[in-house]
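Descriptive structure summary
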Amino acid sequence: DGGITQSPKYLFRKEGQNVTLSCEQNLNHDAMYWYRQDPGQGLRLIYYSQIVNDFQKGDIAEGYSVSREKKESFPLTVTSAQKNPTAFYLCASSFADGIYEQYFGPGTRLTVT
Amino acid sequence: AQKITQTQPGMFVQEKEAVTLDCTYDTSDPSYGLFWYKQPSSGEMIFLIYQGSYDQQNATEGRYSLNFQKARKSANLVISASQLGDSAMYFCAMREGGADGLTFGKGTHLIIQP
């Protein structure tokens, strides 16, 4: 079955620690995205990548980092510099070079105390 | 200014009735796409329907249709014959031709009552 996997579903960390959220897709999509969702809000774009070894900052990239070493994988690191890291994180993928729907993973709920 | 506005924070609808969820958007880009997503309480975002700015016909997908009024910059989602399983958050989103990610509205919480 084709789809996007994110792990883990729930993640708990202490303040000051970096944490990496995984995202894998087997849809053969070139483009991948990370969004953040806060309670009662829509999604906001953190980072995106249209091709392997290239990625761009979205609207709220500060305190986050990414890598894209493989087409299938786009991990997100939430660093200690992120002031309010507790949120729901969603990964998505789509075809590139046009306006296409994005397909989302199940999300990771990160709690930092 | 908000690029996507959803003015209904919450809606209660009787089962089997049709429901319209409002969405207005703001862009000066002639090329854009409009999307609706459903988010159940489990959290995943489920793609429902897409409308391109150059599409002449309103998009339809099963019980979902998109009432696209370009001059009014409106892209309302219509769900016909609502079901209990339609209870969820619904988000309108836009991708402009020059952008890469989606811009989302704040969502409408739809509750279908038996």
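For the structure itself, look to the data block above.
This section reports on the structure supplied with the text.

Scoring rules and cut-offs
- Residues numbered from 1 in each chain as written.
- Chains lettered and ligands numbered in written order.
- Predicted model: local features only at pLDDT ≥ 70, side-chain atom pairs only at ≥ 80, totals over all residues.
- Heavy atoms only, no water.
- Contact = heavy atoms within 4.5 Å.
- Buried area = accessible area lost by both parts, 1.4 Å probe.
- Salt bridge = Lys/Arg side-chain N within 4 Å of Asp/Glu carboxyl O.
- Polar contact = N/O pair within 3.5 Å; in protein donor to acceptor, adjacent residues only side chain to side chain.
- Helix = DSSP H or I, 4+ residues; strand = E, 2+ residues; numbered from the N terminus.
- Nonpolar A, V, L, I, M, F, W, Y, C, P; charged D, E, K, R; others polar.

1. Things to note about the interface of chain A and chain B
Contact residues are listed per partner, giving 23 residues for chain A and 22 residues for chain B. Interface area, chain A with chain B, both sides summed: about 1,700 Å², of which 55% is carbon and sulfur. Considering only the side of chain A, the residues that lose the most area to chain B are Leu43, Ile99 and Phe104 of chain A, jointly responsible for 32% of the buried surface there. Remark: the boundary between chain A and chain B carries zero salt bridges. At the boundary of chain A and chain B, one finds four residue pairs in polar contact (both at pLDDT 80 or more). Every element with two or more residues in the side of chain A that touches chain B is listed here: β4 (31-37), β5 (43-51), β9 (87-94) and β10 (103-104) of chain A. It is β5 of chain A that contributes the most residues to the side of chain A that touches chain B, four residues altogether. Here the side of chain A that touches chain B is built from residues that sort into 12 nonpolar, nine polar and two charged.

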